[in-house]
Every structure is written in C-alpha cells, then in structure tokens.
Amino acid sequence: MPYTPPGFFCDRLIRERERKDGEGSVTKPLRFSGQDFKTLKQDCLQKKVLFEDDTFPASVDSLGYKELGPKSSKVKNIVWKRPKDICDNPQFIVGGASRTDICQGDLGDCWLLAAIACLTLNDKLLYRVVPQEQSFSENYAGIFHFQFWRYGDWVDVVVDDRIPTINNQLVFTKSAERNEFWSVLLEKAYAKLHGSYETLKGGNTAEGMEDFTGGVTEFYEMKDAPKELYKIMKKALERGSLMGCSIDALVPARLETRTTTGLVKGHAYSVIAVDECKQSAQKESKVRLVRLRNPWGQVEWNGPWSDNSKEWSTISKEEKEKLHQQIAEDGEFWMSFADFMKNYTKLEICNLTPDALDDDKLHKWTVSVNEGRWVRGCSAGGCRNYLDTFWTNPQYRLCLLEEDDDLDNSEAVCSFVVALMQKNRRKERKLGASLFTIGFSIYEVPKEMHGNKQHMQKEFFQLNSSKARSKAYINLREVTQRFRLSPGEYVIVPSTYEPHQEGEFLLRVFSEKKNVSEEIENRIKADHPVPAPASAGDETEEDQHFRTIFQQIAGDEMEISANELRNVLFRVLAENKDMNKEGFSLESCRSMIAFMDMDGTGRLNLQECRQLWNKIKEWQEIFKHYEAEQTGFISSYEMRNAINDAGFRLNNPLYNIVTMRYANENMNIDFDSFVSCLVRLEGMFRAFQAFDQDGDGTIRLSIMEWLQLTLYA
C-alpha cells in the first residue's frame, strides 16, 4: 500500500478550507505548481532575463524515465534550445492556428495531437486553452502559459520556451511552418502537467479532448453503432463537439503500421467534417462524406474520395469548393461514410455539454461532480464478483427529480450520463502505475429508504441486483455511459475490477433535468460514548476473582499503572477459556489508562479497572463474530461492521484512517489493535462531548487543550 503521510488528511482539509470561491473555474484557473504567469513574466521583463522554469527544467528528468530516461541512448544528442536559436523570426501563431500546425514527432502521442487538431476547429475553445496575446516579439520574456481542465478544475500551466532538439530539428511536435511554435509549447505544457514528455506516450483522443474542454466523451464501437450515427456526428460537429476515431490493431506489433489503403492501425485520427454532395450523373442521390486528419501531417487514405480519386470528377466545381477539396499531402482526406464505417472500429465524441445527440432537440444538461478515493483495506472493494468487499466501495446517492420532455415515450424517464475517471495514473507511470480496470453499477433505492443517506450494507447488495451498469470494466482513464431510468433515488457504486487497488477518481453525472448527486457519508456519532458505571449488586464469582488478581498486583495502594494493568489483563485472559490469550501491548494499556482515568492520575482504581474489563468482554464478543475462522484477526473491511456494532458511526475518511492506523500489511486487524481503536474512539467521543457544551457539533480548543487531549489519548 502506498505510504500516506500522517499529515495528508490535515493538509487536505486545510486546502479545502483555503480554496476561494471561483478558483478552478475557466475565469479563475488554479496556478499549477503555484506559478503565476503575469508575476513571473513581469519579474523577467524588469530583470531583463529570459524565464527558466525550475519546476520543469531543460533536462533529462523532463524528457522521461525509461525510453527517454537518463540511461537511454535516445536522449544523448538532445539539446534544449529556444525558438530564436532554432530559426529566424519565430512566431507564436502564423496566419491563425490550424490543424496543419500539428505534425507528430518522435513521441507516440498521436492521440493528443488528434485532440489538438479538433481543438483548432473552434476558436473559442482553442483560445481558452491557448491564451492569446502571447508573442516572441512584444514583451518577450521566454515564458508562455496554457490552460487545461484537470479532474474538475481548470489549471494554468507556465512553461519556458526551451525545446528539445537534435541537429537543430524539433524532436517532438512541430508545425508545417518551421517558425511557428504554439503547438510545440502546448505539448510541452501538457507534458509538464503529467510529469514528463514520456508520460504522453499512448492514450486515446478522448483524454486530450476532455482536458481541453472539460466535456464528457461518449464512445461508439462501429460494429454496434446506431443507425443514425452520421446524423449524430453531423449534429455533434455543428455544436462544437470534438471527435476522434481509430482502427484497432489486434496484434501489438502492428501498431501504427500503414495498410494498403493508406490508413494506419492503432493510430488516432481527428474527424474534422461530415458533409453530403450531389453527383452529377445521379441527380437525386447524395453521397455522405467524412473528412479526417492524420496527426502525422501525411499518409492519407488512397481509396474512393481520396485526394486524387476519380470520384471527384463526378461532382460540380461548386460542390468541390463547398467541400474545400484539394490535392495535398497534408494528412487530410475525404472518404465516404460507408468506407469510414467499414474501416474504422472506434469513434469518440467529446460533448462540451452532453447534449442528447440522438434526437432533434437541443437540451441543456446539469452536472454534478464528486471526488473520491479507493483505499486498500477499507474502500477498495472491487466489483460485485467480490461481494464480501464490494459494499465497502464509495457510494453516491443520485436523485433523479424530473423526467425528460419526451412526448414520444409513454413512460416517464430521466436521461443521464455517468462518467467515472481515474486520476493521476499517467503522471504516476514512472512509479510503475498503470490504468486500473474500472466500471460502476447503479442500484435503485427502495422507497422506504428514500432520504436515508446511509452507506448501503452488504445485505442490500446480496438481496438486490443492479438496475444499470457500465457495459464493461475496462482499463481506460474514463468509463462513460448514457442511461434512461425512471425518476427516483439510486446508488452509484464506482469500483476497480479487482479489490485492494488504491487510487483517486472523479465521478461526474450529467442529466437533462435537475439531479442531485452526492457521496453517501454516515453521520458521525457514538451511541454510548460515556462508560456505564459498574453494577452495585452482589459480586459474582468472576468479580471476586478479578478483585483478587487486582489486589495482588496493585498492593496496598489499590491503583495500577499501565504496566500493572498489562499484568492484570494477562492473568485474567489466561484463565478465561473464551478470550484472547495473547494479552495486550504496553501501548494499548497506556491508551486504556487514558480512556478510563477519570481523575487524571495516570492510574486506575478497582472500579475503573472493572469497568474497563466489562468493556473488553463486550468488544471480544464483537471481534469473535467477525473473526475469520479463529485466526485471531478480522479483515479491515469487516472492521466497518465491527465498529458499527460497538456503537460508532464513522464516514469514509475516518474508516480510511482506522485502516491505515490499525491494519497490518495484510489488511488484517488483531484483537489488541481492535481494542486500541475502540478505546481511542470512545475516549475521543467522550472528550468531544465534554467540550461541546451547547451540542452544536463544533468545539473550540486552545493549543494547550488540543495538545493535552491528543497527547494523552
């Protein structure tokens, strides 16, 4: 399990409190690495120096970690140069940004370049990502910036303009115009966002399209495509949606290999237009066409409707002009829609808002965004095949409040899109991370449970099947699917396919009408935080035996320290057939002393010790109920139920802390750790209640009070 520093939760809470209104929006993006473009540029202009970015230096660390790492022969001849040292009269943009400005270099990021090519079709989107008024002449300081959507927030990424070259030629992306650099620097900023250039190798166009727009992508397999796909594509392009496609390569060795038709397998293309034209010989017929772009800037389709094909002679000059038909080896080409369907296997449409593309109505959708984590041993339960742990996954209550305006459908339904995205896997590649296989299930909440915002337990999933789910679990950054369900309450359970896989995710729900989507978090409370007083009735034989052991160890003072408590409990446990014989650690006994010590002496009298013993017996029964085949352990997943049975209700972040604090490397918890956890929980709840005198659920502590409370607990 990756190590999580003790301050993680505290730091996260501080960050959330400090986040100002509007930060992370398009108009107020977050500053990546804390760098402010305007401040840095102004500083460089005043000092008359060119910016050098220490957070993404001109070194091998920024290139990569394996194939482009320090030991790779590929990086030996790379020299980082500024554009003014590469060519005369460098320009940021020459004659407007266009898709011919994006030609692939020696990096396998065709997926990204296909997305950039799509971006150039919409100036509003383009100049959101590529801020205007950047120049190599006016107020030039060697610094540029770009903006990306990243897991729910817009971020502003600053870069210097030092670029990898070999023999004065750009190594990675380049423009058809030798002195144009906007696409080169955009690729560099995106590489910085993910840690290095090498992390950009391999991906799908949808990832880039979403990071440029904040949209949501829907995937179509050509073999299962709807009959109206041409209409869907045309409508999507009219609305500014970005679109990419690819041809599956069944054999890895055939990735990015050219076929006899000029198309490349395992390679990403941009769909930049769809249109129809009339053929002169057949006045009544129209041919549906698709225009595509190869990010290489060359290698084109050579079949019907390719640049030099005979089909162009069958249409009028006006039709040719309408389609901007030209003969050029620029990576762009037309093909018939029928050939497009026949040759390509996948289509990705990134909707800026997930409009209902399969009907004639333009809809406005609402969106809700939730961040979550799968934590090994606590909330990484895997898919429903692992029913014992599936229920521990994060759960999100979805309330579909209004049905669609769909007059053709007699049944009231709500349309919505669920998008589950795993975070930071690309950035963590150098640490060996790869994409998890992810998916989600949707369950209908029974009417009698509406409004009851409690985490669904294992029994619910044993008795209920899912109402809907993602088509498959797949190792993509994001799994997206559209659904139509009746108005009501549902629970979405996102998960990895295998349990125990730890990572962060983003869950977005888009719906035609209003929806409410939020993580189900138990209300934090304790049913009995104040210890019950010992009964004043006649002593039982067990009580008398306990008193005898206590007196023998405590002596005349009739009080015991942590060490002496350990001896008392060891002797009592040794003579009890049904209880754990291992005894307790000294640290656990210190916690027990703090828990029961009512007068602050650091020692326990007989009554306090007997109350503690009664507690331990209660907890032993709970532990035995969840103990796995008398192994002496309960799993960290079952710890949730055990804590509930002991009278405590926690939320996911607190269960995560319990797992990290008390579980061993196998995600199991022994009786000693189990008691230590419950002792601390009960003690902290009791202390909180003592301070929360007005019962409003908040307390105010001085530094002295805080340290006294936490150090002794």
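Residues numbered from 1 in each chain as written. Predicted model: local features only at pLDDT ≥ 70, side-chain atom pairs only at ≥ 80, totals over all residues. Heavy atoms only, no water.

Further remarks concern the overall build of the chain. Of the regular secondary structure elements, the chain holds 21 helices and 27 strands. Expressed as a percentage of the 713 residues in the chain, the buried residues total 51%. Pairs at least 24 residues apart make up 75% of the contacts formed inside the chain by residues separated by at least 6 positions. Accessible area of the chain: about 34300 Å², with a carbon and sulfur share of 48%. (Helix = DSSP H or I, 4+ residues; strand = E, 2+ residues; numbered from the N terminus. Buried < 20%, exposed > 50% of the residue type's maximum accessible area, 1.4 Å probe, protein only. Contact = heavy atoms within 4.5 Å. Areas by Shrake-Rupley, 256 points an atom, 1.4 Å probe, with all protein chains shown as cover.)

Pairing within the open sheet is antiparallel, and its four strands lie in the order E13-E20-E15-E18. The outermost strands of the open sheet, each flanked by one partner alone, are strand E13 (366–374) and strand E18 (478–485). Neighbour to neighbour, the strand axes of the sheet diverge by 15° on average, direction disregarded. When strand E15 (residues 414–422) meets E18, the two strands line up antiparallel, connected through eight bridges. Within E18, the residue paired with Met421 across the bridge is Glu478. (Pairing = 2+ DSSP bridges. Axes fitted to C-alpha atoms, helices over the stretch in contact; angles between N-to-C directions.)

Okay, the packing of aromatic side chains next. Scanning the entire structure with this criterion turns up 35 aromatic pairs. Look at Phe148 and Phe212: their rings are 6.1 Å apart centre to centre, the planes differ by 35°, and that puts the pair in the tilted class. Separated by 64 residues along the polypeptide, Phe148 in strand E3 (residues 143–150) and Phe212 in helix H8 (residues 205–213) bring together distant segments of the chain. This pair shows no difference in class: Phe148 is buried, exactly as Phe212 is. (Phe/Tyr/Trp six-rings, centres within 6.5 Å; stacked < 30°, edge-to-face > 60°.)

Let us look at the confidence of the model for the chain. Confidence in the prediction for the chain averages 85 pLDDT; 89% of positions are at 70 or higher. This model gives residues 355–363 a pLDDT under 50, and the stretch forms 28 contacts once residues within four places in sequence are excluded. (pLDDT = per-residue confidence, 0-100.)

Following the sequence through the fold, Trp391 ends up in the loop between helix H12 (387–390) and strand E14 (396–400). Overall, Trp391 belongs to the buried group, its relative accessible area being 2%. In this structure, Trp391 is in contact with His455, Met456, Gln457, Lys458, Phe461, Tyr637, Arg640 and Asn641, ignoring residues within four places of it in sequence. Within the local environment of Trp391, its side chain forms a polar contact with the backbone oxygen of Asp388, the two atoms lying 3.0 Å apart. (Polar contact = N/O pair within 3.5 Å; in protein donor to acceptor, adjacent residues only side chain to side chain.)

Look at Asn167: it is not a glycine, yet its phi comes out positive at around 55°. By relative accessible area, which is 71% here, Asn167 ends up exposed.

At their nearest, the axes of helix H15 (residues 562–574) and helix H16 (residues 586–596) sit 8 Å apart, and the two run at 105° to each other. With respect to each other, H15 and H16 are oriented roughly perpendicular. Contact with H15, carried on its side by Ala562, Asn563, Leu565, Arg566 and Leu569, involves Leu586, Cys589, Arg590, Met592 and Ile593 of H16 and no other residues of that element. (Parallel < 35°, antiparallel > 145°, perpendicular 65-115°, else oblique.)

Our next topic: the nonpolar core. Judged by nonpolar contacts, the single largest core of 56 residues is most densely connected at Phe146, Phe148 and Trp182. Those elements giving two or more residues to this core turn out to be helix H5 (110–119), helix H6 (123–129), E3, strand E4 (153–160), helix H7 (182–194) and H8. If one sorts the elements of this core by residue count, H5 sits on top with ten residues. Those residues within four positions of Phe148 in sequence are excluded, and the remaining contacts are Val129, Asp153, Trp154, Val155, Val157, Leu186, Ala189, Tyr190, Leu193, Asp211 and Phe212. Ile553, Phe584, Phe595 and Trp613 belong to the second-largest nonpolar core, a separate cluster that totals 52 residues. (Core = buried A, V, L, I, M, F, W, Y, C linked by side-chain atoms within 4.5 Å.)

Within this numbering scheme, the UniProt entry marks residues 614–649 and 679–713 as carrying the feature "domain: EF-hand" (unreviewed entry). Secondary structure content for residues 614–649 is 56% helix and 14% strand, while the C-alpha to C-alpha distance between its ends is 22 Å. (UniProt positions renumbered as here; feature names shortened; annotations may be inferred.)

Right, let's get into the sheet that holds strand E5 (residues 163–166). Strands belonging to one sheet form pairs held by backbone hydrogen bonds; the direction of such a pair is parallel or antiparallel. Read from one edge to the other, the open sheet built from three strands follows the order E2-E5-E6, with strand pairing classed as antiparallel. Looking at which strands have only one partner, the edges of the open sheet turn out to be strand E2 (79–81) and strand E6 (169–170). Judged from the two bridges that link them, E5 and E6 form a sheet pairing that is antiparallel. The partner of Thr165 across the bridge, within E6, is Leu170.

Looking now at a nonpolar patch on the surface. On the surface, a cluster of nonpolar side chains totalling about 590 Å² of accessible area is made up of Ile703, Met704, Trp706, Leu707 and Leu711. Overall, Met704 belongs to the exposed group, its relative accessible area being 52%. (Patch = residues over 30% accessible without salt bridge, like charges linked within 9 Å, V, L, I, M, F, W, Y side chains within 5 Å. Salt bridge = Lys/Arg side-chain N within 4 Å of Asp/Glu carboxyl O.)

Counting buried residues in E3 gives seven out of eight residues, a clear majority hidden from the surface. Two strands pair when backbone bridges link them, and E3 and E4 are joined in this way by eight bridges, in the antiparallel orientation. By the bridge assignment for E4, Arg150 is matched with Asp153. Taking the residues between adjacent antiparallel strands as the criterion, E3 and E4 are bridged by two residues, where Tyr151 takes a positive phi near 50°.

Let's shift gears to the side chain of Lys41. Looking at the secondary structure, you find Lys41 in helix H2 (residues 37–47). Buried and unpaired, Lys41 has Glu138 as its nearest opposite-charge partner, separated by 8.2 Å. Leaving out residues up to four positions away in the same chain, Lys41 has contacts with Asn139, Ala141 and Ile143. (Lys, Arg positive; Asp, Glu negative; His and termini not counted.)

Along an α-helix, residues three or four apart share an orientation, since each turn contains 3.6 residues. Those residues of H2 that fall on the buried side of the exposure criterion are Phe37, Lys41 and Cys44. All buried residues of H2 project into a common sector of 65° when viewed along the axis, lining one side. Opposite the buried face of H2, by more than 90 degrees, sit the exposed residues Lys38, Thr39, Gln46 and Lys47. Its buried side turned inward, H2 meets E3 and E4. (Arc of directions from axis to C-beta.)

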